[in-house]
Every structure is written in C-alpha cells, then in structure tokens.
Amino acid sequence: MNPTPSPAASGGAPPLRLGTRRSALAMAQSGLVADLVREVTGRPVELVEITTYGDTSREHLAQIGGAGVFVSALREALLRGEIDLAVHSLKDLPTAQPEGLTLAAVPRREDPRDALIARDGLAFAQLPPGSRIGTGSPRRAAQLNAWARSLGLDIETVPIRGNVGTRIGYVRSGRLDAVVLAAAGLIRLGRIGEATELLDADHVLPAPGQGALAVECAASSVPLAARLAEIDDPSTRVAVTAERSLLAALEAGCSAPVGALADLLGDGQAVTEMRLRGVVGTLDGTTLVQLSTTGPVPASPSAAADLGRVLAAEMLAKGAAGLMGERAL
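This is a predicted model, so every value here is computed, not measured. (Residues numbered from 1 in each chain as written. Predicted model: local features only at pLDDT ≥ 70, side-chain atom pairs only at ≥ 80, totals over all residues. Heavy atoms only, no water.)

## Comments concerning the confidence of the model for the protein chain
This prediction gives the protein chain a mean pLDDT of 90; 89% of its residues lie at or above 70. Here residues 1-10 scores under 50 on pLDDT; set against residues more than four positions off or in separate chains, the count is 18 contacts. Low pLDDT (under 50) marks residues 60-67, which in the prediction has 19 contacts with non-local residues, meaning those over four places away or in another chain. (pLDDT = per-residue confidence, 0-100. Contact = heavy atoms within 4.5 Å.)

## Details of the packing of aromatic side chains
Evaluated as defined, the whole model comprises 1 aromatic pair. Between F124 and W147, the aromatic rings sit 4.2 Å apart at their centres with planes inclined by 15°, giving stacked as the arrangement. Within this pair, whereas F124 is found in the loop between β5 (114-118) and β6 (131-135), its partner W147 is found in helix α5 (residues 138-151), the two being separated by 23 residues in sequence. In this structure W147 comes out as buried when scored by relative accessible area, which is 8%. (Phe/Tyr/Trp six-rings, centres within 6.5 Å; stacked < 30°, edge-to-face > 60°. Helix = DSSP H or I, 4+ residues; strand = E, 2+ residues; numbered from the N terminus. Buried < 20%, exposed > 50% of the residue type's maximum accessible area, 1.4 Å probe, protein only.)

## Things to note about the pattern of salt bridges
Enumeration over the complete set of coordinates arrives at 20 salt bridges. For the salt bridge of E82 with R80, the shortest nitrogen-to-oxygen distance reads 2.7 Å. Given a relative accessible area of 43%, E82 falls into the partly exposed group. Where E243 meets R109, a salt bridge forms, and the shortest distance between an N and an O atom there is 2.8 Å. With E243 in helix α9 (residues 234-253) and R109 in the loop between β4 (101-105) and β5, this pair connects stretches of sequence that are 134 residues apart. Residue E243 is classed as buried on the basis of its relative accessible area, which comes to 0%. Residues joined by salt bridges that share partners form a network here, namely D202, D263, R275 and R277. (Salt bridge = Lys/Arg side-chain N within 4 Å of Asp/Glu carboxyl O.)

## Concerning the UniProt feature "modified residue: S-(dipyrrolylmethanemethyl)cysteine" (unreviewed entry) in the protein chain
With numbering aligned to this structure, UniProt lists the feature "modified residue: S-(dipyrrolylmethanemethyl)cysteine" (unreviewed entry) at C254. Counting through the fold element by element, C254 comes out in the loop between α9 and β11 (258-266). Taking the relative accessible area as the measure of exposure, C254 reaches 1% and is therefore buried. (UniProt positions renumbered as here; feature names shortened; annotations may be inferred.)

## Details of the pairing of strand β8 (residues 178-182)
Buried residues dominate β8, accounting for 5 of its 5 residues. Pairing of β5 with β8 involves 5 bridges; the strand directions are antiparallel. The partner of A115 across the bridge, within β8, is L181. Bridge count between β6 and β8: 2 bridges; the pairing is parallel. Within the sheet, the bridge partner assigned to I133 lies in β8 and is A178. (Pairing = 2+ DSSP bridges.)

## As for the side chain of T20
Tracing the sequence through the fold places T20 in strand β1 (residues 16-20). For T20, the side chain forms a polar contact with the main-chain oxygen of A26, separated by 3.3 Å. Ignoring sequence-local partners within four residues, the contact set of T20 consists of A26, M27, S30, L47, V48, E49, I50 and L74. (Polar contact = N/O pair within 3.5 Å; in protein donor to acceptor, adjacent residues only side chain to side chain.)

## A closer look at helix α4 (residues 72-79)
Residues spaced three or four apart along an α-helix face the same direction, because each turn holds 3.6 residues. Considered for burial, the residues of α4 that qualify are A73, L74, R75, A77 and L78. Considering only its buried residues, α4 is in contact with β1, β3 (85-89), β4 and β10 (213-218). G81 lies just past α4 and shows a positive phi near 80°.

Written out as structure tokens, the structure reads:
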C-alpha cells in the first residue's frame, strides 16, 4: 500500500476517511481501493479500522446471519459521518441497499472461483476416503458434497471460522485434510500459490458477487460518489448485479444455500454474451437445482437484474422453493 500523502501534497484537501474491517484481507482489499481513489480524486486517503459483529462473534456465520454481519458497523459509521467511504467484499453485502447510502463503485473483479488447499498437494478428486474439508459456507458444503458423491468420494464437510491464516493452519496442523477459500482473497494476500486446485465453476459455483469489492458512500455525498464512479467497472457491475438479483429473488422464496456466477463470453476480440448460472441445494448435496441462461450482455444494471430474477423464477419452479430450512451447517 502506498503511504498516505500529506494534505499539502494534494493542495491542502483533507484526507478521505476509508472505513475498513481490521483483518489482513480487508486491509489488503481496502489498500487496493485506496490507491484507486487517490488516483481519481487527487486526495490523500487514510484507512479507518472498524470492528464489526462478524469479527467478534465466535458463532458460525450461518448461525448469525451470514450476509450483513461484516458490514453493519461500517455502514453505521458512514451514516454518522465518521468515515467518507467504506470498502466491503461484495459477497458480504445484503441484497437490499439501505436508505442514505449508495453503492458508488464496483471495481474490476478478481478471480471469482473457490480454491482448495489440501494436504500433500492433493486435488479434490485425489482426497482419500473420509477426508475432512473445512468451510464456513453452506453453499460450498452443498456443492462439495454433491461433487464428492458424483466421484464416489467419501468426505465430511466441517464448519470452521477464522481468518485466512487460521483456516490454512487447520490443514498445516493436520486437523483437517483440506479447506476451501475464495481464490480472490488468496490472490490479494499473495497466498494463491498455496492453493492445490482452483475449483471449476462447473463443479462449485461461487457466492454471488464473490471476487468483487463494493465501495459505498453516503448518498448525500454527490461529488464524492461521482468521482468514485470513475473506478467502477461496467462489466463487473452488470455481472454481479445479475448474480445478486438472482440471490435476492431466491431469498424471498428459498432459504437454501445459493451459488451464482455471470460469465461474460466472447470470441477473443469482443464480449458478446453473458451466461448466468445459479445453484441451490441441500447441505448434504443430495438435491441440487442448477440452471443457466445465456443471452446478449445486458445493456444496463437494471437489465442484468431482470435476467437474475427470470432465472431465479425458473429455479423456484424447478424445485428450489422446496429446499427450505437448509441454511445452517
């Protein structure tokens, strides 16, 4: 992360206060955004560390609500004017945008896939019978169990908490045979080399918005929002909008784990289509409802949201609505 320039270096403008969680990953992500914000605003940026409920609770994420537990304290600080902007992992954001705040930018997305870190350098299909795989995500558990069943593997998914280092430590110490983490987080921490396999989305769809960052500010901060819009990546914005729209529609009719990914497809020279895939399943992986749709790249976020709602409706009609009560590990 670049050192924060002095106010004098930017014409005396006061530093922009960027709110971030305290974890190493959150700080790395916020540092990346801070550099982008400095470039487009010409102002210094200082990181303001904020502790969220998700950071202090020892309960499993599925038990304390998952989405929202890492963002509420940051949003409250924004609304109180204690910070000027906040950075979140987009997959942590609830799908409903709160009054008084605006999602000013979604920078270019990092690799959205999940990554396996297994003992002895093993890939998923090479894991021995009875392997214990750690994950804090019901979505991952459902798809890993389904994939294992298709391969004839006998695995056990184990709920875990903790930062990236803690989770990898479970494998290094022998407590677990493998863990599954977001590839984007490993990349941003410089630890992607420790992954033994990047999990193809054909087997494990990521969380909606995984790999993307969200930059929020107060809706009343119109000039700041306009400058932050300069770091928005339109392709990423339409993709994650479709994914989160699907999630929102499924949440209204289904409490089962949800995975989604919008791929932008092309001929190598131009992007011409977007494929949206979604999955809902039971935790043991015995039942999955997985559908996809492909069409022209949405011309706007609202068109992308429409695509997500249409696919969600098809999934609910195919049985996703019957997968209730499957959120907790």
